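Reading the structure
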Amino acid sequence: MGIKVEYNPDLALRNIMEYKNGNRKVAECFPENMEAGKIYDFLKKDQRNYWFFGEIPLIETKGNEVLSRPKASIIILEATHFVDNNEMWTRGKYKVVEVFNDKDIHFECFDKIGVRKDF
């Protein structure tokens, strides 16, 4: 028997309408008025591991791997795995570094543009 763990290079949350329609908890969704510098909670089903030592993209998901371009750059501050009703969950906190309100490319692979050192 193995341990099922998903490694995520980004944090993918649902549209806030999923919460307003009663389908998701608020921490599973994008903050309604996201601001740089603020800290937010997140909640994801299953056991997930995130990168803690730098900025990662915050993206929106519709499920089934239908993903948006990055909507913000964030830093994961903490992540905890727990069991609720025999289901594995990951909850944590992230800090918004920058909100993207354009269609520009802000990440190259998993690095924020301007961070990667060329050789």
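This text goes with the structure placed above it.
It should be emphasised that the depicted structure is a prediction, and the values quoted were computed from it without experimental measurement.

So, about the side chain of Thr61. Within the element layout of this structure, Thr61 appears in strand β5 (residues 56-63). Within the local environment of Thr61, its side chain forms a polar contact with the backbone oxygen of Val66, the two atoms lying 3.3 Å apart.

Among the structural elements, His106 can be located in the loop between β8 (87-99) and β9 (107-108). Look at His106 and you get buried, because its relative accessible area is 15%. Sequence separation between His106 and Pro57 is 49 residues; the distance between their C-alpha atoms is 8.7 Å.

Within the structure shown, the criterion is met by four aromatic pairs. Look at Phe42 and Tyr50: their rings are 5.5 Å apart centre to centre, the planes differ by 75 degrees, and that puts the pair in the edge-to-face class. One cation-aromatic arrangement involves Lys25 over Trp89; the distance from NZ or CZ to the ring centre is 5.8 Å. Directly above the aromatic system of Phe82 lies the positively charged group of Arg91, at a separation of 4.0 Å from the ring centroid.

You can see Thr90 is positioned in strand β8. Between the alpha carbons of Thr90 and Gln47 there is a distance of 5.7 Å; along the sequence they are 43 residues apart. Excluding residues that lie within four positions of it along the chain, Thr90 makes contacts with Phe42, Leu43, Lys44, Asp46, Gln47, Arg48, Tyr50, Ala79, Thr80, His81 and Phe82. Among the polar contacts made by the side chain of Thr90, one reaches the main-chain carbonyl oxygen of Asp46 at a distance of 2.8 Å. Reaching out from Thr90, the side chain makes a polar contact with the backbone nitrogen of Arg48 at a distance of 3.0 Å.

For the rest of this paragraph, the subject is the nonpolar core. Counting 14 residues, the largest nonpolar core has Leu11, Leu58, Ile74, Ile76 and Tyr94 as its most contacted members. The set of elements that each furnish at least two residues to this core consists of β2 (11-13), β3 (39-45), β5, β7 (72-84) and β8. For this core, the element with the most residues is β7, which contributes three residues. Discounting chain neighbours no more than four positions away, the residues touching Leu58 are Leu11, Leu13, Phe30, Met34, Pro70, Lys71, Ala72, Ile74 and Tyr94.

What follows concerns the pattern of salt bridges. A full pass over the atoms with the stated rule returns seven salt bridges. Among the salt bridges present, the one from Lys93 reaches Asp41, with a minimum N-O distance of 2.6 Å. A residue pair is termed long-range when its members are at least 10 positions apart, and Lys93 in strand β8 and Asp41 in strand β3 qualify at 52 residues. Its salt-bridge partner being Lys45, residue Glu87 comes within 3.6 Å of it at the nearest N-O pair. Highlighted residues: Glu87 in strand β8 and Lys45 in strand β3, separated in sequence by 42 residues. By relative accessible area, Lys45 is classed as partly exposed at 34%. One salt-bridge network, in which partners are shared between bridges, spans Lys45, Asp46 and Glu87.

Definitions and limits used
- Residues numbered from 1 in each chain as written.
- Predicted model: local features only at pLDDT ≥ 70, side-chain atom pairs only at ≥ 80, totals over all residues.
- Heavy atoms only, no water.
- Helix = DSSP H or I, 4+ residues; strand = E, 2+ residues; numbered from the N terminus.
- Polar contact = N/O pair within 3.5 Å; in protein donor to acceptor, adjacent residues only side chain to side chain.
- Buried < 20%, exposed > 50% of the residue type's maximum accessible area, 1.4 Å probe, protein only.
- Phe/Tyr/Trp six-rings, centres within 6.5 Å; stacked < 30°, edge-to-face > 60°.
- Lys NZ or Arg CZ within 6 Å of the ring centre and 35° of its normal.
- Contact = heavy atoms within 4.5 Å.
- Core = buried A, V, L, I, M, F, W, Y, C linked by side-chain atoms within 4.5 Å.
- Salt bridge = Lys/Arg side-chain N within 4 Å of Asp/Glu carboxyl O.

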